[in-house]
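Each chain is listed here by its residues.
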Amino acid sequence: MGARFEELAWRETPIGAISLRRRRDPALQVEVYEVKLDDEYLMSSLFPVAEIELARLGLAEVPGDSLDVVVGGLGLGYTACAALGDPRVRSLLVVEAIEDVIDWHRQGLLPFAAGLAEDPRTRFVQADFFAAVAGDVGFDVEVPGRRFDAVLLDVDHSPRNVLHPSHAAFYPPAGLRRLAALLRPEGVFALWSDDPPDAEFTAALTEVFASVRAHVVPFANPLTGGESANTVYVARAGG
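Rules behind the numbers
- By convention here, each chain's residues receive numbers from 1 onward along its written sequence.
- This being a predicted model, a pLDDT of at least 70 is required before a residue's local features are given, and a value of 80 or more before pairs of side-chain atoms are given or counted; all residues contribute to the totals for chains, interfaces and linings.
- Calculation of side-chain values draws on the structure's entire complement of heavy atoms; hydrogens and water are dropped beforehand.
- Here is the rule: rings of Phe, Tyr and Trp (six-membered ring for Trp) pair when centre to centre is within 6.5 Å. Planes less than 30 degrees apart are stacked, more than 60 are edge-to-face, and the remainder are tilted.
- Only lysine NZ and arginine CZ atoms are considered, and such an atom sits over a ring when it is within 6 Å of the ring centre and within 35 degrees of the ring normal.
- Joining through side-chain atoms within 4.5 Å is the link that ties buried Ala, Val, Leu, Ile, Met, Phe, Trp, Tyr and Cys residues into a set, and such a set is a nonpolar core.
- Each residue's exposure class comes from its accessible area (1.4 Å probe, protein chains only) as a fraction of the maximum for that residue type: buried when under 20%, exposed when over 50%, partly exposed otherwise.
- The secondary structure listing takes helices from DSSP runs of H or I that are at least 4 residues long and strands from runs of E that are at least 2 residues long, numbered from the N terminus.
- Whether two residues are in contact is decided by their heavy atoms, any of which lying within 4.5 Å being enough.
- At least two bridges found by DSSP between two strands is the condition for calling them paired.
- To define axes, lines are fitted to C-alpha atoms, for helices over the stretch in contact only, and angles between the resulting N-to-C directions are given on a 0 to 180 degree scale.
- In this scheme, roughly parallel covers angles under 35 degrees and roughly antiparallel covers those over 145, while 65 to 115 is roughly perpendicular and the rest are oblique.
- Each helix crossing is assigned a hand: it is left-handed if the near helix lies turned anticlockwise from the far helix by less than a right angle, otherwise right-handed if that turn is clockwise.
- Under the convention adopted here, Pro, Cys and the residues Ala, Val, Leu, Ile, Met, Phe, Trp and Tyr are nonpolar, Asp, Glu, Lys and Arg are charged, and Gly plus all remaining residues are polar.

Under an unreviewed UniProt entry, the protein has the name Spermidine synthase and belongs to Micromonospora luteifusca.

Structure, rendered in structure tokens:
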């Protein structure tokens, strides 16, 4: 069973102190993995449903085979692992700003993400997703301007609740157009959000993309005994 509580990793970063913790939940009788930024909870292995659905719903809208996919924000790895579960995915570029988070996966600290780092389709890139969109090179420094079939993003809490002020410029139409330029025809941008569907952000997506849907993803919340929900936006570029 191991210790009731253990801090597996901790590091000061430009946006705060990030830590990976493992604890034994006595009520649920499960090991829980949590990521905190300073005193704020970013993610928990108790609530992986919407992170998995981010990949499933996003890739379901992408036509064709031999897909090249970007995951923005690695976290506990649920979205990246779910993307690799689609047999059409040829390559997966994971863009993560914090090198330590990548190291958690390379060191095998997260048993439910086993195989992600070893999969030959996976390549980790230590970079700021939002700076990459705003820059001239794009996501792949080895192939400047490379375009992708899908970009799956889970970094901020929501378009209105960002982890760093520099991220805010991504969510208006001008920022989304830069992202759309990195997609192939009929490529898909999908975004996880902790907030309910946002009419203003949906309008911004509609201004840039050919089709837009906001999916409400409900899931059981073992902490409250009830149900919670996240939102997954899926926006597809024109042909």
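Draft legend 1. Layout of the packing of aromatic side chains. For the structure shown, the criterion picks out 14 aromatic pairs. Three or more aromatic residues link up through ring pairs in this structure, and these residues are Phe129, Phe130, Phe139, Phe148, Phe170, Tyr171, Phe189, Phe201, Phe209 and Tyr233. Here Lys36 stacks its cationic end above the ring of Tyr41, 4.9 Å away from the centre of that ring.

Draft legend 2. Spatial organisation of the nonpolar core. Grouped together as the largest cluster of nonpolar side chains are 42 residues, with contacts concentrated most on Val69, Leu74, Leu76, Leu92, Trp104 and Leu152. It is helix 1 (residues 49-60) that contributes the most residues to this core, five residues altogether. If we ignore the near neighbours within four places in the chain, the residues touching Leu76 are Leu20, Tyr33, Val35, Met43, Ser44, Ser45, His105, Leu110, Phe112 and Ala113. Counting 28 residues, the second largest nonpolar core, distinct from the first, contains Phe189, Phe201, Ala204 and Tyr233.

Draft legend 3. Broad picture of the pairing of strand 11 (residues 226-236). As defined by bridge partners, strand 9 (residues 183-193) adjoins strand 11 across six bridges and the pair is classed as antiparallel. In the sheet register, Leu191 faces strand 11, and the bridge partner there is Tyr233. Bridge count for strand 10 (residues 211-221) against strand 11 is 11 bridges, and the pairing is antiparallel. Among the inter-strand pairings, Val217 is bridged to a residue of strand 11, identified as Asn230. Adjacent in sequence and paired antiparallel, strand 10 and strand 11 are bridged by four residues, among which Gly225 carries a positive phi angle near 80 degrees.

Draft legend 4. How the structure looks around the packing of helix 5 (residues 173-180) against helix 6 (residues 199-208). At a minimum axis separation of 9 Å, helix 5 and helix 6 run at an interaxial angle of 45 degrees. By the angle class used here, helix 5 and helix 6 are oblique. The hand of the helix 5/helix 6 crossing is right-handed. Each of Pro173, Leu176, Arg177 and Ala180 in helix 5 lies in contact with helix 6, whose residues at this interface are Phe201, Ala204, Leu205, Glu207 and Val208. Taken together, the residues of the contact of helix 5 with helix 6 sort by class into seven nonpolar, no polar and two charged.

Draft legend 5. Representation of the environment of Phe112. Along the chain, Phe112 turns up in the loop between helix 3 (99-106) and strand 7 (122-126). A relative accessible area of 31% means that Phe112 is categorised as partly exposed. The spacing of Phe112 and Gly77 is 35 residues in sequence and 8.4 Å in space, taken between C-alpha atoms.

Draft legend 6. Structural view of the sheet that holds strand 4 (residues 40-44). Taken in spatial order, the four strands line up as 1-2-3-4 in an open sheet, and their pairing is antiparallel. A strand with exactly one partner marks an edge of an open sheet, and here the two such strands are strand 1 (5-13) and strand 4. Pairwise comparison of adjacent strand axes, ignoring direction, gives a mean angle of 20 degrees for this sheet. Here helix 3 sits on the sheet and contacts strand 1, strand 2 (16-25) and strand 3 (30-37); the angle it forms with strand 2, its principal contact strand, is near 35 degrees.

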